[in-house]
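Remarks on the overall topology
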Amino acid sequence: MRVSVAGTGYVGLVTAVCLAEKGNIVTCVDIDREKINLLNSGVSPIYEPQLEELMWKNKNMILYQNDYIEAYRDADLIIIAVGTPEKNDGSANLQYLFEVAKQIANTVVKDCVVAIKSTVPVGTNDKVERIIKENLKYDVKIEVVSNPEFLAQGTAVRDTLSATRIVLGVESENAEQVMKEVYREFNIPYVITDRKSAEMIKYASNDFLALKVSYINEIANLCEIVGANIEDVSKGMGMDPRIGNQFLNAGIGYGGSCFPKDTKALHWLANYNDYELKTIKATIEINENQKIKLIKKARKYFNSLNGLNVAVLGLTFKPGTDDLREAPSLTNIPLLLEGGAKVNVWDPVGMENIKKIFLDEISYSSSIEEAITNADICFIFTEWPEIKDFDIEKYAKLMKRPLIIDGRNCYSVTDATNSGIIYDSIGRKTIAEELLKI
Ligand code: NAD
């Protein structure tokens, strides 16, 4: 089967490489010339564990190109994995998707199936089918299938090769068979449904996880007020299989390219249909507040941030990725700068991307030691293993004032306190709080 993939981002590239790993010949198309050049030189444009190894292993099975005409014209299956970012009103921006739909309509010379992997609002697959039909250049039959993606950045390859389910929203037996053929070697259970339900499965799943995160963050905030310990609370809750222990780590909120936009897009869709999704509205509001929780905490210790040396550890929206989209660091660094702080940052893989945003407004360190040396305060935004494994005693030795405000609960409160550090985290007691006003 000839498979082409539109978009070589986190979803498209990982999908293409995993399809190749399972024996399919795949052509990847992207409008970004730099990405295609990198891919053709064997380099992955994104940081994703195992991805580059699999690219090399399957290099004879994958083509990377900018030319969509050659890639789509006689493909049996075209998978669309372009971005669907957020518009100002919270709805999904479908311009890239519709652009690919028109390109397909103008190009394809034989019957084929188009699978939409991008996350799209309910009804979009129908719209794409209409766009293709209205613009078809040749007398061919094109069927559209909804095939939403559930991978998580940082574990994308593993998530794709061992997915929990493959959701197929199909409107014909033929489309279902084509999709089953391409996924034949994956041995993963299918959920076969209609296109609208498949589209909804994706949003409902992501929004449920976001809701779980906001829920545990609210409970953590209450724990701080009443003196309970969120880690014990999460553990006790998560052992109940009806609840499950994933997405129960309290912190400074979710970020990334999916949860923020997918919560807003579903909320928008409900509003558009005169319905209010109260749970999702609350999820979004809680997350916005949670993102700036550490700055609010800092006010307990300093009347003003002006002139303070601030170390920031962890910049990406979560460990295991170089993606900064909607990361709490992007909300907080500007607030620190506005307050007059001097900001020095470190991240194991996010440095190149952050430099493009903050240029010479902040300083960049090549190690945790360098970032915290002489700092008045250290904020932790991402729970990278390198940060969790860092010798906590070094904070006391290297910082001007050993004050850590940790948004990801990387250390034990007891260890930090025993090392002479003033340590404030999420949903846990801060020992020696009364000693603090500096
Ligand atoms: P991305 O921004 O990393 O990649 C999108 C790619 O599409 C870019 O490289 C862009 O240049 C390319 N593109 C744009 N227009 C094109 C065109 N006409 N032809 C070919 N390529 C084109 O996006 P992503 O993170 O991979 O997400 C893609 C979709 O998958 C989104 O709808 C997202 O919501 C969804 N999704 C993302 C994840 C995730 O973890 N990132 C997980 C599940 C689903």
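Residues numbered from 1 in each chain as written. Predicted model: local features only at pLDDT ≥ 70, side-chain atom pairs only at ≥ 80, totals over all residues. Heavy atoms only, no water.

**As for the overall build of the chain**
If you tally the helices and strands in the chain, you get 19 helices and 14 strands. Taking 2.2 N^0.38 as the reference for a compact globule, 438 residues should give roughly 22 Å; the C-alpha atoms of the chain span a radius of gyration of 24 Å, in line with that estimate. Considered along the principal axes of its C-alpha atoms, the chain spans approximately 80 × 45 × 40 Å. A total of 438 residues make up the chain; the buried ones form 53% of that total. Counting only contacts in the chain whose residues sit at least 6 apart along the sequence, the fraction spanning at least 24 positions is 72%. Counting every atom, the chain has about 19700 Å² of accessible surface; 50% of that belongs to carbon and sulfur. Here the chain holds 50 positive side-chain charges and 61 negative ones, and the gap between their average locations is 2 Å. (Helix = DSSP H or I, 4+ residues; strand = E, 2+ residues; numbered from the N terminus. Rg over C-alpha atoms; globule rule 2.2 N^0.38 Å. Buried < 20%, exposed > 50% of the residue type's maximum accessible area, 1.4 Å probe, protein only. Contact = heavy atoms within 4.5 Å. Areas by Shrake-Rupley, 256 points an atom, 1.4 Å probe, with all protein chains shown as cover. Lys, Arg positive; Asp, Glu negative; His and termini not counted. Charge placed at Lys NZ, Arg CZ, Asp CG, Glu CD.)

**Section: a nonpolar patch on the surface**
A surface patch of nonpolar side chains, about 330 Å² in accessible area, is lined by Leu222, Ile225 and Val226. Along the chain, Val226 falls in helix 9 (residues 195-226). (Patch = residues over 30% accessible without salt bridge, like charges linked within 9 Å, V, L, I, M, F, W, Y side chains within 5 Å. Salt bridge = Lys/Arg side-chain N within 4 Å of Asp/Glu carboxyl O.)

**Here we look at the packing of aromatic side chains**
Within this structure, the stated rule accounts for 9 aromatic pairs. Ring centres 5.7 Å apart and planes at 75° place the aromatic pair Tyr254 and Phe259 in the edge-to-face group. Relative to Tyr411, the ring of Tyr395 lies with its centre 5.7 Å away and its plane at 70°, an arrangement referred to as edge-to-face. Residue Tyr395 is found in helix 18 (residues 393-398), and its partner Tyr411 is found in the loop between strand 13 (403-406) and helix 19 (413-418); the two are separated by 16 residues along the sequence. Exposure class is identical for Tyr395 and Tyr411. Each is buried. Within the aromatic cluster, the residues linked to one another by ring pairs are Phe390, Tyr395, Tyr411 and Tyr423. One Lys or Arg, Lys22, reaches over the ring of Phe186 and ends 5.7 Å from the middle of that ring. (Phe/Tyr/Trp six-rings, centres within 6.5 Å; stacked < 30°, edge-to-face > 60°. Lys NZ or Arg CZ within 6 Å of the ring centre and 35° of its normal.)

**A look at the pairing of strand 1 (residues 2-6)**
When you tally the buried positions in strand 1, you get 4 out of 5 residues, the bulk of the element. Bridging between strand 1 and strand 2 (residues 25-29) involves 5 bridges; their strand directions are parallel. If you follow Val5 over to strand 2, its bridge partner there is Cys28. A crossover links strand 1 with its parallel partner strand 2, the connecting element being helix 1 (residues 10-21), and its sense is right-handed. (Pairing = 2+ DSSP bridges. Right-handed = clockwise from strand over helix to strand, strands pointing away.)

**Considering the site of the ligand**
Near the ligand, the surroundings consist of 26 residues, among which Asp30, Lys35, Thr84, Gln153 and Lys261 are the closest. Here an oxygen atom of the ligand sits 2.6 Å away from a polar atom, N or O, in the side chain of Thr84. Burial of the ligand by the surrounding chains reaches 91%, relative to a free accessible area of 840 Å². Contributing elements (two or more residues each) for the shell around the ligand: helix 1 and helix 5 (95-107). If one sorts the elements of the shell around the ligand by residue count, helix 5 sits on top with 3 residues. Counting only domains with at least three residues in the shell around the ligand, you end up with domain 1 (2-193) and domain 2 (202-289). (Near = heavy atom within 4 Å. Polar contact = N/O pair within 3.5 Å; in protein donor to acceptor, adjacent residues only side chain to side chain. Domains from an automatic or database assignment.)

**Focus on the state of the cysteines**
Applying the stated rule across the entire model yields 0 disulfides. In this structure Cys18 is a free cysteine whose sulfur lies 11 Å from that of Cys28, the closest cysteine sulfur available. With no disulfide partner, Cys410 has as its closest neighbouring cysteine sulfur the one in Cys378, 9.5 Å distant. Since its relative accessible area comes to 9%, Cys410 is described here as buried. (Disulfide = S-S within 2.5 Å.)

**Some remarks on the environment of Arg428**
For Arg428, the location among the structural elements is in the segment after strand 14 (422-424). Using a relative accessible area of 5% as the deciding quantity, one classes Arg428 as buried. On a C-alpha basis, the gap between Arg428 and Thr155 in space is 29 Å, while along the polypeptide they are 273 residues apart. In contact with Arg428, other than residues within four places in its own chain, are Glu224, Asn229, Ile230, Glu231, Asn409, Tyr411, Ser412, Val413 and Tyr423. A polar contact of 3.0 Å, which involves the side chain of Arg428, links it to the side chain of Tyr423.

**Focus: the sheet that holds strand 13**
Spatial strand order, 11-10-9-12-13-14: 6 strands in an open sheet with parallel pairing. Only two strands of the sheet have a single neighbouring strand rather than two, namely strand 11 (363-364) and strand 14. With 3 bridges connecting them, strand 13 and strand 14 associate as parallel partners. When the sheet's bridge partners are listed, Leu403 is paired in strand 14 with Ile422.

**Observations concerning the environment of Asp376**
Assignment of secondary structure puts Asp376 in the loop between helix 16 (368-372) and strand 12 (377-380). Classification of Asp376 as buried rests on a relative accessible area of 2%. Remark: the alpha-carbon pair of Asp376 and Leu266, spanning 110 residues in sequence, is separated by 42 Å. Each residue touching Asp376, except ones within four places of it in the same chain, is listed here: Phe302, Leu308, Asn309, Met399, Lys400, Arg401 and Leu403. Within the structure, Asp376 has its side chain in polar contact with the backbone nitrogen of Asn309 (distance 2.8 Å). Among the polar contacts made by the side chain of Asp376, one reaches the side chain of Arg401 at a distance of 2.6 Å.

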